[in-house]
Amino acid sequence: MHIDIPEGQEPIGYVWGEMVPGIGMAAANFSLSVYEHTTLGLRAFEAARLRIAQINGCLFCLDWRTERDGQKVEEEFADAVTQWRTTDAFDDRTRLAAEYAERYALDHHGLDDEFWTRMTAHYSQHEIVELSMSIGSWLAFGRLNHVLGLDAVCVLPTH
């Protein structure tokens, strides 16, 4: 870790909640909202989330699998996300979610008309905004935790 954590303190709670409570708690609430209020299907959600985790290198996010109604994606799903261009494990929506996450993180200026034509053929405007906010959350907070060395001790924030 690159931040000194007092003895007996939980690192994420200390950094996010005690060091910068005005910012950290708002960030934690936003991060949690992505999971609590999503209307996106689990496979598309996880394809985008895992692609950002792979790009960020966030240890916790790479290991985490979102559970919804007792369901999680299959164990091989993360490997399929890595190979989103060629895998036969994805439908068009799931493949687009992984592609969008990658391009959002690495080449957001390159999101051209051809991409948006494909995206709007498979996602509603509501879903595009929701996916964009989710990707933004994962990108920002996954990188923040990785840069500070907190990703090895990260847990999802709670209210």
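The paragraphs below set out a description of the structure included in this document. As the structure is a prediction and not an experimental result, all values here were calculated from the model. (Residues numbered from 1 in each chain as written. Predicted model: local features only at pLDDT ≥ 70, side-chain atom pairs only at ≥ 80, totals over all residues. Heavy atoms only, no water.)

### A closer look at helix α3 (residues 42-56)
And step 1. Its 15 residues give α3 an end-to-end C-alpha distance of 21 Å, which sits within 8% of 21 Å, the value for a rise of 1.5 Å per residue.
And step 2. Among the 15 residues of α3, twelve are classified as buried, and the element is accordingly described as predominantly covered.
And step 3. All of the buried residues in α3 are L42, A44, F45, E46, A47, A48, R49, L50, R51, I52, A53 and N56.
And step 4. Buried-residue contacts for α3 involve α2 (21-36), α4 (59-63), α5 (77-82), α6 (92-106) and α8 (125-147).
And step 5. The positive-phi residue at the C-terminal boundary of α3 is G57, with phi of around 75°. (Helix = DSSP H or I, 4+ residues; strand = E, 2+ residues; numbered from the N terminus. Expected span 1.5 Å × (residues − 1). Buried < 20%, exposed > 50% of the residue type's maximum accessible area, 1.4 Å probe, protein only. Contact = heavy atoms within 4.5 Å.)

### Let's talk about the nonpolar core
And step 1. Counting residues in each nonpolar core, the largest one holds 32 residues, and the members touching the most others are M119, Y123, L131, I135 and W138.
And step 2. Those elements that provide at least two residues to this core are α2, α3, α5, α6, α7 (113-122) and α8.
And step 3. When residues of this core are assigned to their parent elements, the largest contribution, seven residues, is made by α3.
And step 4. When near neighbours in sequence (up to four residues on either side) are disregarded, Y123 contacts L40, A44, R93, T94, L96, A97 and I128.
And step 5. Counting eight residues, the second largest nonpolar core, distinct from the first, contains Y14, V15, A27 and F141. (Core = buried A, V, L, I, M, F, W, Y, C linked by side-chain atoms within 4.5 Å.)

### Focus on unusual backbone geometry
And step 1. Of note, D69 is a non-glycine position whose phi angle comes to about 55°, a positive value.
And step 2. Assignment of secondary structure puts D69 in the loop between α4 and α5.
And step 3. For D69, a relative accessible area of 78% translates into the label exposed.

### Overview of the environment of L59
And step 1. Within the secondary structure layout, L59 lies in helix α4.
And step 2. For the pair formed by L59 and W16, sequence separation is 43 residues and the distance between their alpha carbons is 18 Å.
And step 3. In contact with L59, not counting residues within four places along its chain, are D151 and A152.

Read these as layout, nothing more, since geometry by itself doesn't imply function.
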